[in-house]
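Listed below, chain by chain, are the residues.
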Amino acid sequence: MTAPVTPVDKPRPSPLATAHAQLAGAVEILGYSSGLHEMLATSRREINVAIPLRRDDGSTELLRGYRIQHNISRGPGKGGLRYAPNVDPDEVRALAMLMTWKCAVVDLPYGGAKGGVTIDPRNYSKLELERVTRRYTSEIMPMIGPERDIMAPDIGTDEQTMAWVMDTYSVNKGYTIPAVTTGKPLSVGGSLGRATATSRGVVHAMKAALADAGVGLNEVRVAIQGFGKVGSHATRFLAEAGSTVLAVSDQYGGVYDANGLDVSSLLAHVKQTGSVVGFADSDPIDNTALLALDVDVLIPAAVEGVLDEETAATVKARWVIEAANGPTTSAGDQVLADRGIIVVPDILANAGGVVVSYFEWVQANQAYWWTEHEIEERLEQRMLQAYATVAQAARADGHTLRDAALTIGVRRVAEAHQIRGLYP
Ligand code: GLU
């Protein structure tokens, strides 16, 4: 059986417009003043840097980089560093804002921040990426630090990137400061369980949402868009939990099997070839067609804006678990809500990554490392607690899980801001 194929490259709506619309919805529910709304809608600090890069062939090139702290009322800025060709200040602003609400929803003592470099990392050597990372870090040095703003991996960056950031920062300060980044390799103060934390958190959130309807993980058919750090581990964990994974995709395309993919062979194929594409015993499917598959659960785990008015109308899943940041536009969200599809929003569903980042930072600050079991247990506890709080608020107020999560996150940030008062 051949799955339908549709074009993938239509322009994505602005993630900042989506983030602003979500905030406006929460502000309306909370009845905040326009002054408070404006404060919550605006980044606290932004830095925009030029990154001159010496390429391996001797030529030079100028890249642009950003670090944006959306809010630091509840603690230091926290958030990932993204390397992607479409990174621009508005995208980083949106992602920083999402980090603020996300950290507040899972009750971490952090604000929200994000960084980015406009680069397609696939076109650069490891040595070039190291030079980009070190120069970017030097340029944003005054803004970051374990008490100021703590970085983590995001799309296009990984453990190695975090080690370079940590090293550049530490060498400049004159001593080793592991807590300036999270998502580091274990050998330089990383935490057990961090690499898989976002995916585990996604599965915890999904399990809790399904349980509300009396459904188990082993009873559902799932499609997962995105097979990077988050999607690939989520696929594995879901297969282990007995879910049937019908389709997965990455930036090169997707694969589909109406009877369920053999996930361990698929993982071996990806390890060998670098993509899900071409996996034997499956049909090709593109990223848009995957969203419309007849499954119980759809997990967007790639980029922003994929569920818009048009694609949301094609979704057949009963649950959408947002493993990516900002995968649903405001119009798409409305369509999903009108159609009775339950959306577990990004700021809740994918918060497992930043939860274990917090554990890594706590461990680094104490110079005392926990066991994997302690980390997994505390992660599950945090995720289930956050889900229960959000789901209860949604039921009590008749809101969607997204509105409930946003309202809780925004309220916690506003309360911190108000109780601190204005200076001067
Ligand atoms: N980049 C991840 C996110 O969007 C992790 C952020 C962090 O751990 O600081 O949630």
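Numbering of residues starts from 1 in each chain and follows the order in which that chain's sequence is written. Given that the model is predicted, a residue must reach a pLDDT of at least 70 before its local features are reported, and side-chain atom pairs must reach 80 or more before they are shown or counted; all residues, however, enter totals for whole chains, interfaces and linings. Only hydrogens and water are set aside when side-chain values are computed; all heavy atoms of the structure are taken into account.

(A) Geometry of the environment of Thr 371. Secondary structure elements follow DSSP: runs of H or I of four or more residues count as helices, runs of E of two or more count as strands, with numbering from the N terminus. Turning to its location among the elements, Thr 371 is positioned in the loop between helix H13 (352–366) and helix H14 (372–397). We call a residue buried when its accessible area falls under 20% of the maximum for its residue type, exposed when it is over 50%, and partly exposed in between, using a 1.4 Å probe and counting protein chains only. Taking the relative accessible area as the measure of exposure, Thr 371 reaches 42% and is therefore partly exposed. Taking C-alpha positions, Thr 371 is 9.0 Å from Ser 191, a pair spaced 180 residues apart along the chain.

(B) Looking closely at the pattern of salt bridges. Take a side-chain nitrogen of Lys or Arg and a carboxyl oxygen of Asp or Glu: if they are within 4 Å of each other, that pair is a salt bridge. Across all of its chains, the model carries 24 salt bridges by this definition. With a closest N to O distance of 3.1 Å, Glu 61 and Arg 55 form a salt bridge. Note that Asp 294 is salt-bridged to Arg 221, the shortest N-O span being 3.7 Å. Of this pair, Asp 294 sits in the loop between helix H9 (287–291) and strand S10 (297–300) while Arg 221 sits in strand S6 (residues 221–225), and the two are 73 residues apart along the sequence. Overall, the relative accessible area of 29% leaves Arg 221 in the partly exposed class. Sharing partners across several salt bridges, the network here consists of Arg 82, Glu 91, Lys 114, Asp 154 and Glu 304.

(C) Inspection of the site of the ligand at higher detail. Note on definitions. A residue lies near a molecule or strand when any single heavy atom of the residue is within 4 Å of it. Around the ligand, a shell composed of 14 residues is seen, among which Lys 78, Lys 102, Asp 154, Asn 325 and Ser 357 lie nearest. Two N or O atoms count as a polar contact when they lie within 3.5 Å, although within protein this holds only if one can serve as hydrogen donor and the other as acceptor, and sequence-adjacent residues are included solely when both atoms are side-chain atoms. Lys 114 places a side-chain nitrogen or oxygen 3.1 Å from an oxygen atom of the ligand. For the ligand, a nitrogen atom lies 2.8 Å from a polar atom in the side chain of Asp 154. Breaking the shell around the ligand down by element, the ones donating at least two residues are strand S3 (77–84), helix H3 (89–105), strand S5 (149–153) and H13. Under the scheme applied here, ten amino acids are nonpolar (Ala, Val, Leu, Ile, Met, Phe, Trp, Tyr, Cys and Pro), four are charged (Asp, Glu, Lys and Arg), and all others, including Gly, are polar. Its residues placed into classes, the shell around the ligand shows four nonpolar, five polar and five charged.

(D) Local environment of the environment of Thr 42. Residue position: Thr 42 is located in the loop between helix H2 (34–41) and strand S1 (45–54). Sequence separation between Thr 42 and Ile 29 is 13 residues; the distance between their C-alpha atoms is 19 Å. Among the polar contacts listed, one links the side chain of Thr 42 to the backbone oxygen of Glu 38, at a separation of 2.6 Å.

(E) Up close: unusual backbone geometry. Here the bond from Tyr 423 into Pro 424 is cis, since omega is 0 degrees, no more than 30 degrees from zero. With a phi close to 55 degrees, Asp 107 is a non-glycine residue in the positive phi region. For Asp 107, a relative accessible area of 42% corresponds to the partly exposed category. Even without a glycine there, the phi angle at Ala 367 is positive, about 50 degrees. The exposure class assigned to Ala 367 is exposed, which follows from its relative accessible area of 56%.

(F) How the structure looks around the sheet that holds strand S4 (residues 112–118). By definition, two strands form a pair when at least two bridges between them are found by DSSP. Taking strand neighbours across the sheet as the criterion, the five strands line up as S1-S2-S4-S3-S5 in an open arrangement whose pairing is mixed. At either end of the open sheet lies a strand with only one pairing partner, and these are S1 and S5. The average undirected angle you get between the axes of adjacent strands in this sheet is 20 degrees. Sheet topology note: the strand S2 (residues 60–71)/S4 ladder contains six bridges and is antiparallel. The residue of S4 that forms the bridge with Tyr 66 is Gly 116. For helices, the fitted line uses only the C-alpha atoms of the stretch in contact; every axis is such a line through C-alpha atoms, and the angle between N-to-C directions lies from 0 to 180 degrees.

(G) View of the packing of aromatic side chains. Geometry of aromatic contacts follows a simple scheme: Phe, Tyr and Trp rings, the Trp one being its six-membered ring, pair when their centres are within 6.5 Å, and the pair is stacked under 30 degrees between planes, edge-to-face over 60, tilted otherwise. Evaluated as defined, the whole model comprises five aromatic pairs. Centre to centre, the rings of Tyr 110 and Trp 361 are 5.1 Å apart; their planes meet at 65 degrees, and the pair counts as edge-to-face. Within this pair, whereas Tyr 110 is found in the loop between H3 and S4, its partner Trp 361 is found in helix H13, the two being separated by 251 residues in sequence. The burial state of Tyr 110 is the same as that of Trp 361; both residues are buried. Look at Tyr 358 and Phe 359: their rings are 6.0 Å apart centre to centre, the planes differ by 45 degrees, and that puts the pair in the tilted class. One exposure class covers both Tyr 358 and Phe 359, and it is buried.

(H) Spatial organisation of the sheet that holds strand S12 (residues 342–344). Within the open sheet, the seven strands sit side by side as S9-S8-S7-S6-S10-S11-S12. Their pairing is mixed. Looking at the sheet topology across the chains shown, the edges are occupied by strand S9 (283–285) and S12. Neighbour to neighbour, the strand axes of the sheet diverge by 20 degrees on average, direction disregarded. Bridge analysis of strand S11 (residues 319–321) against S12 gives three bridges, and the strand direction is parallel. Each bridged residue has a counterpart across the sheet, and for Trp 319 the counterpart in S12 is Ile 342.

(I) Up close: helix H4 (residues 126–140). With 15 residues, H4 should cover 21 Å at 1.5 Å per step; its first-to-last C-alpha distance of 21 Å lies within 8% of that length. Of the positions making up H4, those classed as buried are Glu 128, Leu 129, Val 132, Thr 133, Tyr 136, Thr 137 and Ile 140. All buried residues of H4 fall inside an arc of 165 degrees around its axis, so they share one side. Contacts made by the buried residues of H4 are with S1, S2, S3, S4, S5 and helix H5 (159–173). For a helix, the expected span equals 1.5 Å multiplied by the residue count minus one. The arc in question is the one spanned by the directions pointing from the helix axis to the C-beta atoms. Residues count as neighbours in contact if any of their non-hydrogen atoms are within 4.5 Å of one another.

(J) Spatial organisation of the pairing of S4. Within S4, six of the seven residues are buried, leaving the element largely enclosed by the surrounding structure. In this sheet, S4 lies alongside S3 in parallel orientation, the contact comprising four bridges. Across the sheet, residue Leu 81 finds its bridge partner in S4, namely Gly 115. Think of it like this: strands point away, you trace from the first strand over the helix to the second, and a clockwise trace means the crossover is right-handed. A crossover links S3 with its parallel partner S4, the connecting element being H3, and its sense is right-handed.

(K) Expanded view of the pairing of S6. Across the five residues that make up S6, a large majority, four, are buried. Across five bridges, S6 lies against strand S7 (residues 244–250) in parallel orientation. Pairing of Ala 223 across the sheet is with Ala 247, part of S7. Regarding topology, helix H7 (residues 231–240) serves as the crossover connection from S6 to the parallel S7, and that connection is right-handed. Bridge count between S6 and S10: four bridges; the pairing is parallel. Its bridge partner lying in S10, Gln 225 is registered against Pro 300.

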